[in-house]
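# Structural characterization, general
So the chains spell out like this:
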Amino acid sequence: MLNRRDVLQKCIALGAVSIASQFSAEEMLAAFQESEKQPRKPTPPNTMGPFYKRLVPVNDVLRAPGDSGIPLNLSGQVFDTRGDIVPGAIIEIWQTNHKGYYDLEGYRYRGKVNVNKSGAYSFESVIPGHYPDKSRICQHIHYAVVSPGHKPLVTQLYFATDPVFDGDPAKNYSRDPLLQTPELIRPVILTGDPSEVHAKVRFELCLERL
Ligand SMILES: [Fe+2]
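Residues numbered from 1 in each chain as written. Predicted model: local features only at pLDDT ≥ 70, side-chain atom pairs only at ≥ 80, totals over all residues. Heavy atoms only, no water.

### So, the packing of aromatic side chains
With the rule as written, the count across this model stands at 7 aromatic pairs. Look at tyrosine 121 and tyrosine 143: their rings are 6.1 Å apart centre to centre, the planes differ by 75 degrees, and that puts the pair in the edge-to-face class. With tyrosine 121 in strand 4 (residues 120-126) and tyrosine 143 in strand 5 (residues 140-146), the pair connects residues that are 22 residues apart, well separated along the chain. On the basis of relative accessibility, which here comes to 0%, the residue tyrosine 143 falls in the buried class. Taking 5.0 Å as the distance between ring centres and 80 degrees as the angle between the ring planes, the aromatic pair formed by tyrosine 143 and phenylalanine 203 counts as edge-to-face. Linking tyrosine 143 in strand 5 with phenylalanine 203 in the loop between strand 9 (196-202) and strand 10 (205-207), this pair joins segments that are 60 residues apart in sequence. Comparing tyrosine 143 with phenylalanine 203 shows no difference in burial state: the two are buried. Within the aromatic cluster, the residues linked to one another by ring pairs are Tyr121, Phe123, Tyr143 and Phe203. Here arginine 40 stacks its cationic end above the ring of phenylalanine 79, 3.6 Å away from the centre of that ring. (Phe/Tyr/Trp six-rings, centres within 6.5 Å; stacked < 30°, edge-to-face > 60°. Helix = DSSP H or I, 4+ residues; strand = E, 2+ residues; numbered from the N terminus. Buried < 20%, exposed > 50% of the residue type's maximum accessible area, 1.4 Å probe, protein only. Lys NZ or Arg CZ within 6 Å of the ring centre and 35° of its normal.)

### Some remarks on the sheet that holds strand 5
Across the sheet, which stays open at both edges, the 5 strands sit in the order 3-2-5-6-7 with mixed pairing between neighbours. Looking at the sheet topology across the chains shown, the edges are occupied by strand 3 (110-114) and strand 7 (185-186). The pairing of strand 5 with strand 6 (residues 153-159) spans 6 bridges and is antiparallel. The residue bridging tyrosine 143 from the neighbouring strand is threonine 155, located in strand 6. (Pairing = 2+ DSSP bridges.)

### Looking at unusual backbone geometry
Of note, leucine 55 is a non-glycine position whose phi angle comes to about 60 degrees, a positive value. Residue class for leucine 55 comes out exposed when judged on its relative accessible area of 65%.

Functional significance is not addressed by these values, which are geometric in nature.
Written out as structure tokens, the structure is:
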């Protein structure tokens, strides 16, 4: 994926943007980018829960060939509250399999990635199940994000398609007592074809500076 600066540089190369100024293209692009930045709200934290495991390996493909469940591509970008990309972040996720079970012996459905220079990340996984013992209400994926100079973020991602929300997460989010905001509930995009449906979810993360 091209970052914003690469896109602008390509625009210049192809003539879609021209610089008519005594200042350099670099300076003009930097100022243009700066003025386009949006301040962002920090991602709400959410409890870590009891199933975190240390020393998770670097791995962005958590789904093994033949795994049951709906294949899921999770992606997003990491920003700070000023709207700057955070290229040094490390993201860990952990979740259940499609039946709602965590791997407590090994590291199935647990992975860690370093975001790229655009602050972007991506995981291949499956949509997690509901806990069979009903000790948690909603399907969810746990996130822990760290980056030098930023407050660590521990949160969870929820799915707008979760039956718990009855199709209206904005109204029904508090059916899970751990959810104080619908902001952590993300829309689900279905791709593929009816014989093999894939789900895509984007979850942008925003860290507070220390
Ligand atoms: Fe959990």
